[in-house]
Amino acid sequence: MTTLTMEKATQYELKLAERMSRLGTETAFEVLNKARALERQGKEIVHLEIGEPDFDTPKNVVEAAVSALHNGWTHYGPSAGLPDLRQAIADEVSRTRGVSVSSDEVVVVPGGKPIIFFSLLALADEGDEVIYPNPGFPIYESMINYLGAKAVPLRLHEEKDFSLDVDELTALISDRTKLIILNSPQNPTGGVLSRQDIRDIADAIGDRNIMVLSDEIYSRLIFEGEHYSIMSVSGFKDRTILLDGFSKTYAMTGWRMGYGVMRPDLAAHITRLMTNSNSCTASFTQIAGIEAIRGDQSSVEHMRSEFQRRRDAFVSGLNKIKGFSCRMPKGAFYVFPNITQTGWKSKKLADALLEESGVACLSGTAFGEYGEGYLRFSVANSLENLNKALERIDQWTKRNL
Ligand SMILES: Cc1ncc(COP(=O)(O)O)c(C=O)c1O
């Protein structure tokens, strides 16, 4: 029975909690549904809306999960994650971020998203201020609002290759700032915070007792420069919650596994939130996670270089289209062209490209108010499909501009 018929069939009014009116969403899933509906009507769509690798999970990881299932990894496990996986993550983070991390500082959760939710649940009281990037991953703003905290957007600037302005950050920090969210490489812009940016941000925070949620889910997808975490800055380990995971690095979006690295006292509270919500992350999945981290890494580099090739081709193609101007993103697998010269608003243009040209992309406004004037395309699709999309967008602009 659909929700609609349910609404008609029941005499009982649905009395939602007030907080539900403050919950946002991730538009990518809505656009995907709309695109699928058009496909059911016979239209052919190029899908550049959803943020997931188009590659399969590496074989060795799949095989590890299959054998884990055969070997009885089908039961509850500890809420914070299997000790061996926590240790593998601690070793990996110690090596890549140059800090010493122990396994009791790691909490394994079903995806990167729960770390965002749990960190905010654990730290943000009503009225507390949380600074977050805008345009940025929409779940930050959604969850901050849902919890009744105050969402304080920090604008990212195209002129700075979608890095942030540290003076603006300094001006936003107040006595009520509880948490600052950073995301590098960034969704939706592909911007990357340099080592100097991170050091300037750390200086701006100084020795204030403010936590930083550092969303590094795209840490292995970097095309220029290096990945640098604020966790590596002296004095920041105790104030950083590092979010990373398996979804993007190992093409494991549907497996639902990610992790947070944080001081052990906070890790114990995030673990209590796990006990209260999911109990634990699926056990056989975690066994595969150990293989992902400790096994052959060649598929990670293969995906990274393939995304780079596609990025180069797509950005170059977009820049030849009337009204589009696009910077070269330094990481992740998104491109974020400026479309103000088309004279169209972002949402209207994204809708028109889907309905009239069969190209599914996202309006920049799906990532916050400062996303107006931009579109987001995911290049996690074949070069052939990316070229098809470019051709269709070009034709559309020739018809309409
Ligand atoms: C910036 C950012 N953080 C977190 C996530 C969530 O990742 P997961 O699918 O592992 O929950 C995403 C997914 O798109 C993302 O773009």
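Overview of the structure. Computed from a predicted structure; not experimentally measured. (Residues numbered from 1 in each chain as written. Predicted model: local features only at pLDDT ≥ 70, side-chain atom pairs only at ≥ 80, totals over all residues. Heavy atoms only, no water.)

Of note, the amide linkage connecting Asn134 to Pro135 takes the cis form, showing an omega dihedral of 5 degrees. Inspection of the secondary structure assignment puts Pro135 in the loop between strand 3 (129–134) and helix 6 (138–146). The linkage connecting Ser184 with the following residue, Pro185, adopts the cis geometry, with an omega of -15 degrees. Along the chain, Pro185 turns up in the loop between strand 6 (177–183) and helix 8 (195–205). With a phi angle near 55 degrees, Asp161 is a residue other than glycine that sits in the positive phi range. Among the secondary structure elements, Asp161 is positioned in the loop between strand 4 (150–157) and strand 5 (163–164). Overall, the relative accessible area of 29% leaves Asp161 in the partly exposed class. Even without glycine at this site, Phe162 takes up a positive phi of about 60 degrees. With respect to the helices, strands and loops of the structure, Phe162 is situated in the loop between strand 4 and strand 5. (Helix = DSSP H or I, 4+ residues; strand = E, 2+ residues; numbered from the N terminus. Buried < 20%, exposed > 50% of the residue type's maximum accessible area, 1.4 Å probe, protein only.)

Glancing now at the sheet that holds strand 4. Strands sit in the order 2-9-8-7-6-3-4-5 across an open sheet of eight strands; the sheet is mixed. For this open sheet the edge positions go to strand 2 (106–109) and strand 5, each flanked by a neighbour on one side alone. With four bridges joining them, strand 8 (residues 240–245) and strand 9 (residues 258–261) adopt antiparallel strand pairing. Considered in strand 9, the bridge of Gly245 is made with Gly258. Relative to strand 2, helix 4 (residues 83–97) is tilted by about 115 degrees, and along the sheet it contacts strand 2, strand 8 and strand 9. Where helix 6 meets the sheet, it contacts strand 3, strand 4, strand 6 and strand 7 (211–215), and its direction lies at approximately 160 degrees from that of strand 3. (Pairing = 2+ DSSP bridges. Contact = heavy atoms within 4.5 Å. Axes fitted to C-alpha atoms, helices over the stretch in contact; angles between N-to-C directions.)

Turning our eyes to something else, we now look at the side chain of His157. Looking at where His157 falls in the secondary structure, it is placed in strand 4. Using a relative accessible area of 13% as the deciding quantity, one classes His157 as buried. Setting aside its immediate chain neighbours within four residues, His157 contacts Phe162, Ser163, Asp165 and Glu168.

So, about the sheet that holds strand 10 (residues 334–335). Pairing within the open sheet is antiparallel, and its three strands lie in the order 10-13-12. Bordering the open sheet on either side are strand 10 and strand 12 (362–363), each of which pairs with just one other strand. Judged from the two bridges that link them, strand 10 and strand 13 (residues 375–378) form a sheet pairing that is antiparallel. Across the sheet, the residue bridging to Val335 is Phe377, located in strand 13.

Attention now moves to the packing of helix 3 (residues 59–70) against helix 10 (residues 283–294). Two numbers describe how helix 3 lies on helix 10: the axes approach to 8 Å, and their chain directions differ by 145 degrees. Here helix 3 and helix 10 pass one another in a crossing that is right-handed. Judged by residue contacts, Asn60, Val61, Ala64, Ala65, Ala68 and Leu69 of helix 3 engage Phe284, Ile287, Ala288, Glu291 and Ala292 from helix 10. Of the residues in the contact of helix 3 with helix 10, the class split is nine nonpolar, one polar and one charged. (Left-handed = near helix turned anticlockwise from the far one by under 90°. Nonpolar A, V, L, I, M, F, W, Y, C, P; charged D, E, K, R; others polar.)

Our next topic: the packing of aromatic side chains. Summed over all chains, the structure comprises 15 aromatic pairs. Ring geometry for Phe307 versus Phe333: centroids 5.0 Å apart, planes at 55 degrees, classification tilted. Of this pair, Phe307 sits in helix 11 (residues 298–318) while Phe333 sits in the loop between helix 11 and strand 10; the two residues are 26 residues apart in sequence, bridging distant segments of the chain. Taken together, the ring pairs connect Phe55, Tyr218, Phe307, Phe333 and Tyr334 into an aromatic cluster. (Phe/Tyr/Trp six-rings, centres within 6.5 Å; stacked < 30°, edge-to-face > 60°.)

It is worth spelling out the site of the ligand at this point. In the vicinity of the ligand there are 13 residues, among which Asp215, Tyr218, Ser247, Lys248 and Arg256 approach most closely. One of the side-chain nitrogen or oxygen atoms of Asn187 is found 2.8 Å away from an oxygen atom of the ligand. At 2.8 Å, a side-chain N or O of Arg256 approaches an oxygen atom of the ligand. Here the shell around the ligand is built from residues that sort into four nonpolar, five polar and four charged. (Near = heavy atom within 4 Å. Polar contact = N/O pair within 3.5 Å; in protein donor to acceptor, adjacent residues only side chain to side chain.)

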